[in-house]
Amino acid sequence: MGSIAFFGCGNMGAPMARNLLKVGFTVRVFDLNPALTAPLSADGAIVAGSPADAVAGADTVITMLPHDAAVRAVYLAEQGGLVDLLSAGTLAIDCSTVSPECAREVSAAAHGRGIAMIDAPVSGGVAGAAAATLSFLCGGSADDLERARPFLAAMGKNTLHAGSAGAGAVAKICNNMLLAVHMIGTCEALQLGADNGLDPKVLSDILLKSSGRNWSLELYNPWPGVMENSAASRGYTGGFQTDLMNKDLGLAMEAALHSKSATPMGALAKQLYALHATHGHGKLDFSSILTLLQKEN
Ligand code: NAD
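Residues numbered from 1 in each chain as written. Predicted model: local features only at pLDDT ≥ 70, side-chain atom pairs only at ≥ 80, totals over all residues. Heavy atoms only, no water.

Novice: Requested: an account of the packing of aromatic side chains, with residues and values cited.
Specialist: Taken as a whole and assessed by the stated rule, the structure comprises 5 aromatic pairs. Between W215 and Y220 the ring centres are 5.5 Å apart and the planes differ by 25°, which places this aromatic pair in the stacked class. The class for Y220 is buried, based on a relative accessible area of 12%. For the pair Y220 and F286, a centre-to-centre distance of 5.2 Å together with 55° between the ring planes defines the contact as tilted. One end of the pair, Y220, is in the loop between α11 (215–219) and α12 (242–259); the other, F286, is in the segment after α13 (264–281), with 66 residues separating them in the sequence. The pair Y220 / F286 is uniform in exposure class, with both members buried. Put simply, the rings of W215, Y220, F240 and F286 touch in pairs and so form one group of aromatic residues. (Phe/Tyr/Trp six-rings, centres within 6.5 Å; stacked < 30°, edge-to-face > 60°. Buried < 20%, exposed > 50% of the residue type's maximum accessible area, 1.4 Å probe, protein only. Helix = DSSP H or I, 4+ residues; strand = E, 2+ residues; numbered from the N terminus.)

In structure tokens, the structure reads:
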């Protein structure tokens, strides 16, 4: 089996790297924060001290980074950027959620050096990353995607081809705009029910068997205590940060501006998440938007 260099071992990257180790890949991990890579050595990862150290001998690179600036820094930095460090023929898979422009720019630079590349942002959250049930929304050539399949299969259950380079990024921002809208709608419905005397758990069970059923309600209930393993039940920690949702909604709004698309619900969701972040909740899980709707707040 080949050797993988894995960049970005945060909430998503660490469990994804663990799943690659579980099926027997050799994985060299690198993160700007060494406290996040050290625990992975107990799972068999080789902890790298620099990007060059991480890619030594690797035929595949996987990146799981926060935003466009980090992806551009890792791939395109004048000194030590992956596009320069990697040998021709290496496969690069970027799983970060970034703008379509960033995905296309990095892919073009990689292909210019003979590096195969796909953008493969994910859906499924931290729980999906831990359980290896992520969906990968992929952009790139069919040939590059075929090469990536065994790695993606170790970390997820769906590999979906959206189109050419950048198409995975477009699919991802459409998905997350919809996720933000139905998370806020779910919070509104639960708060309305609670304000009118219903138990949020009872209301959740009713909605799950009614036409209001949706992913947030089914797998990510925002009300603390309703779902045992939800971010809400652990103080809104360890999930998908409000700051990252804000970033994704910003990407959706930029894309809508370019394509002259009407996205009124997405625009309102963006404003509500921005407001929530200004209240000091940027690092909390995005389902904490519930608290913005509560009277005591
Ligand atoms: P995170 O902030 O927990 O992890 C990102 C990691 O990247 C951090 O540990 C950071 O130190 C590292 N990093 C930043 N710049 C780096 C660099 N130059 N070199 C090496 N490491 C660097 O974020 P996350 O929640 O793991 O999310 C990662 C990506 O996945 C984001 O683009 C996010 O939008 C997307 N995403 C997250 C979720 C979720 O539920 N958390 C779900 C789907 C998609």
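Novice: Tell me about the nonpolar core, and name the residues and values.
Specialist: In this structure, F6, M16, L20, I93 and F136 are the most contacted members of the largest nonpolar core, which totals 34 residues. If you list the elements that add at least two residues to this core, you get β1 (3–7), α1 (13–22), β2 (26–30), β5 (91–94), β6 (116–119), α7 (125–131), β8 (134–139) and α8 (142–155). Of the residues forming this core, the biggest block, 6 residues, is contributed by α8. Those residues within four positions of I93 in sequence are excluded, and the remaining contacts are T60, V61, I62, T63, Y75, I118, A120, A148, F151 and L152. Core analysis: the second largest hydrophobic core is formed by 27 residues, L190, A232, Y236 and M245 among them. (Core = buried A, V, L, I, M, F, W, Y, C linked by side-chain atoms within 4.5 Å. Contact = heavy atoms within 4.5 Å.)

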